[in-house]
Amino acid sequence: MNPDSQKLVIVGHGAAGLAAAVSAAEQARSRGLRIEITLLEKAREADAGGNTRWSPSYMRMAAPDRLAPGFEEDMQRASGGLADRDYFRTLAENAAATLGWLGMQGVSFDTPVYYLSAGPPRIQPVGGGRAIIDRLAEAAAKSAVKLRYESPAIRLRMGEGGVSGVEVRSSGRDVTVLDADAVILASGGFQGDVTMMRKHFGPAAETLKLISPGTRFDTGDGIRMAMDQGASISGDWNGMHIEPIDPRSQHSAAVVLVYPYGIVADRDGRRFFDEGGGLVHETWEAFARDIHFSRPNSIAYAILDSRLFDIIGYERAIRSDVAPHQAGTIEELAMLIGIPARNLKATIDAYNAAATGDPAKFDAARSDGLAADRTLQPPKSNWARAIVKPPYVAYPLVGGIAYTFGGLATNSNAEVLSEQGPMPGLYAAGETTGHFYGTAPNAVAVLRALVFGRIAGRQAVDYLQKQAAQPGR
Ligand SMILES: Cc1cc2nc3c(=O)[nH]c(=O)nc-3n(C[C@H](O)[C@H](O)[C@H](O)COP(=O)(O)OP(=O)(O)OC[C@H]3O[C@@H](n4cnc5c(N)ncnc54)[C@H](O)[C@@H]3O)c2cc1C
């Protein structure tokens, strides 16, 4: 390795890859090192940014300089106790400093009004994930990072001492090799790859809708490239973050999150889960997954009455641009949405007969304890108000996947691990890494992409500096 021409290649232009690029450039500059940094991105410049570009990017922080209380315990709870404590401690310890650093790149934050339900405190970058992409891409370009669009990485090359290059498919079919002394993989999860999705989730995964236009670019390339070289894996390979969306809408992430306040019926007009089992971010993942993988035709319908429109701020919980179906009677509503009227009427009659609690207790923002009688099956644990006030309202719902949980095993230094320990010169961050089990911890995915992307950039420069200092190099 010639210290005058050390090369760092980063794969992916999302939050993780850009944070890595900007942080590596800063470290190299502050240590007086000459490191050529190239960021490879599969998409055109106008589409680059993967999931981050389309994400509101809520972050589980009380303020930009203060983590939400109980953060690490919540990570353990969400993962059923499987989360790597070191990884999440590092995330917790670096969150505020990373957001301070992001602030210096020109990203500002405010406190969003979350859908309808409360839950942990969250902050949001002004302009959402798009602002993260735009500000960090500007900072990377100013730092002389070479941003190469329409340049998918397809394979890693390994030399004796560690990583030695990346094969890139440029201009359509040609494959070129980019020398690299260190590589950071940040190319997202595998939700956009039908073959991998089928392998891990079965044939029904082939028809799963992607939640945003950027989601399709994340086809597991970084994960596969490192696994081909012996990298270990982590995270739940049967885990995904998926949300209920309106299939009629052309909007990105057209979520409809008012289902806790009514009932949800399947295509046969029957209820199938406790719609009030928790705040929306506690139930949406299991619910949306159930719709796609277990319900007939992979569709369900949220059914409410006109009191929906009396809930202050109800619009915040509906990101579909298409109006709901509305009708004066349940039978007419059933006809409009094409489900058996008699079944839906029987379902709603049974629900109404059990929804005998005091409607004055109804509070959309928190678990209000307004439960239906225990006789109701499945139960309804909160927000059980009878559906009696026309017009009746229905939203069709399907599952829309955001990201997968299975990925590479990494440590707190963002080093990719194999059975022998860290793989020299190879780093990863964001969705490309595993670490999530059970349910996605709410408002953490962007934060961890930024924190570990920034760490990966610093660590890669550290590694290159040490390599350059070795005698005989
Ligand atoms: C609609 C939506 C809402 C969300 N809401 C939230 C939220 O509020 N809070 C939260 O924390 N998380 C949220 N998430 C999840 C979060 O946005 C992502 O998990 C996170 O942004 C992932 O960042 P990343 O850098 O790992 O991947 P990405 O942002 O997906 O970036 C990966 C990049 O790699 C590129 N790439 C892929 N393969 C290659 C290749 N072979 N060569 C070169 N480049 C390649 C892609 O084109 C893409 O630019 C949401 C996601 C979506 C889609």
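Residues numbered from 1 in each chain as written. Predicted model: local features only at pLDDT ≥ 70, side-chain atom pairs only at ≥ 80, totals over all residues. Heavy atoms only, no water.

Asks: Please provide a residue-by-residue account of the overall build of the chain, values included.
Replies: From N to C terminus, the chain includes 10 helices and 21 strands. Taken over the C-alpha trace, the chain has a radius of gyration of 24 Å; the compact-globule value for 473 residues is 23 Å, and the two agree within 12%. With the principal axes as the frame, the chain shows a C-alpha extent of 80 × 45 × 40 Å. Within the chain, the proportion of its 473 residues that are buried is 59%. Counting contacts in the chain only where the partners sit at least 6 residues apart, residues at least 24 apart contribute 76% of the total. In the form shown here, the chain has an accessible surface area of approximately 18600 Å², with 49% of it arising from carbon and sulfur atoms. Of the side chains in the chain, 49 bear a positive and 52 a negative charge, and the two mean positions are spaced by 1 Å. (Helix = DSSP H or I, 4+ residues; strand = E, 2+ residues; numbered from the N terminus. Rg over C-alpha atoms; globule rule 2.2 N^0.38 Å. Buried < 20%, exposed > 50% of the residue type's maximum accessible area, 1.4 Å probe, protein only. Contact = heavy atoms within 4.5 Å. Areas by Shrake-Rupley, 256 points an atom, 1.4 Å probe, with all protein chains shown as cover. Lys, Arg positive; Asp, Glu negative; His and termini not counted. Charge placed at Lys NZ, Arg CZ, Asp CG, Glu CD.)

Asks: I'd like to hear about the site of the ligand, residue by residue, with values.
Replies: The local shell around the ligand holds 38 residues, among which Glu41, Thr52, Asp218, Asp221 and Glu431 are the closest. At 3.1 Å from a nitrogen atom of the ligand is found a main-chain nitrogen or oxygen belonging to Lys42. The backbone of Ala445 places a nitrogen or oxygen atom 3.0 Å from an oxygen atom of the ligand. Looking at the shell around the ligand, the elements that each hand over two or more residues are α1 (15–30) and α10 (445–469). Residue composition of the shell around the ligand, grouped by class: 19 nonpolar, 14 polar and five charged. (Near = heavy atom within 4 Å. Polar contact = N/O pair within 3.5 Å; in protein donor to acceptor, adjacent residues only side chain to side chain. Nonpolar A, V, L, I, M, F, W, Y, C, P; charged D, E, K, R; others polar.)

Asks: Give a detailed account of the side chain of Ser79, specifying residues and quantitative values.
Replies: Here Ser79 shows up in the loop between α2 (71–78) and α3 (85–104). Of note is the side chain of Ser79, whose polar atom sits 3.1 Å from the backbone oxygen of Met75.

Asks: Outline unusual backbone geometry, supporting the account with residue identities and numerical values.
Replies: A cis amide bond links Gln377 to the next residue, Pro378, at an omega of -10°. Mapped onto the fold, Pro378 is located in the loop between α9 (341–354) and β18 (392–404). Its identity as a non-glycine residue notwithstanding, His435 has a phi of 80°, on the positive side. Residue placement: His435 occurs in the loop between β21 (421–428) and α10.

Asks: Give me the lowdown on the packing of α1 against α10, citing residues and values where you can.
Replies: Two elements in contact, α1 and α10, have axes whose closest approach is 7 Å; the angle formed by their N-to-C orientations is 35°. The element α1 and its partner α10 pack so that their crossing is right-handed. Note on element contacts: α10 touches α1 through Ala449, Leu450, Gly453, Arg454, Gly457, Arg458 and Val461, opposite Ala15, Ala16, Ala19, Ala20, Ser23, Ala24, Gln27 and Ala28. Partitioning the contact of α1 with α10 into residue classes produces nine nonpolar, four polar and two charged. (Axes fitted to C-alpha atoms, helices over the stretch in contact; angles between N-to-C directions. Left-handed = near helix turned anticlockwise from the far one by under 90°.)

Asks: For helix α8 (residues 330–337), give the residues involved together with the corresponding values.
Replies: Among the residues of α8, Ile330, Leu333, Ala334 and Ile337 are the ones counted as buried. Buried residues in α8, looked at end-on, bunch into an arc of 100°, giving them a common side. Buried residues belonging to α8 abut β16 (300–304), β17 (325–327), α9 and β18. Of the residues flanking the end of α8, it is Gly338, one or two places downstream, whose phi is positive at about 75°. (Arc of directions from axis to C-beta.)

Asks: Give me the pairing of strand β2 (residues 35–40): which residues, what numbers.
Replies: Taken across its six residues, β2 has five buried, putting it largely inside the fold. Pairing geometry for strand β1 (residues 6–11) and β2, over six bridges, is parallel. Across the sheet, residue Ile10 finds its bridge partner in β2, namely Leu39. With α1 bridging β1 and the parallel β2, this β-α-β connection has right-handed handedness. Bridging between β2 and strand β7 (residues 146–148) involves three bridges; their strand directions are parallel. Within β7, the position partnered with Leu39 by the bridge is Leu147. (Pairing = 2+ DSSP bridges. Right-handed = clockwise from strand over helix to strand, strands pointing away.)

Asks: How would you summarise the nonpolar core if you had to cite specific residues and measurements?
Replies: Counting residues in hydrophobic clusters, the biggest one holds 122 residues, and the most contacted among them are Leu8, Met59 and Leu450. Residue contributions to this core peak at 12 residues, all from α10. For Leu8, the residues in contact, after removing those within four places along its chain, are Ala24, Ile35, Glu36, Ile37, Thr38, Ala182, Val183, Ile184, Ala460 and Leu464. Grouped together as the second largest cluster of nonpolar side chains are 32 residues, Leu185, Phe201, Ile401 and Val416 included. (Core = buried A, V, L, I, M, F, W, Y, C linked by side-chain atoms within 4.5 Å.)

Asks: So what about the sheet that holds strand β9 (residues 163–170)? Which residues, and what values?
Replies: Taken in spatial order, the three strands make up an open sheet running β8-β9-β10, and their pairing is antiparallel. Single-partner strands in this sheet number two, and they are β8 (153–158) and β10 (174–179). Neighbour-to-neighbour, the strand axes of this sheet turn through a mean angle of 25°, independent of strand direction. Judged from the five bridges that link them, β8 and β9 form a sheet pairing that is antiparallel. Note on β9: the bridge partner recorded for Leu156 is Val166. Against the sheet, helix α6 (residues 221–228) engages β8 and β9, with an angle of about 25° to β8.

Remember that the coordinates give geometry; whether it matters functionally is a separate question.
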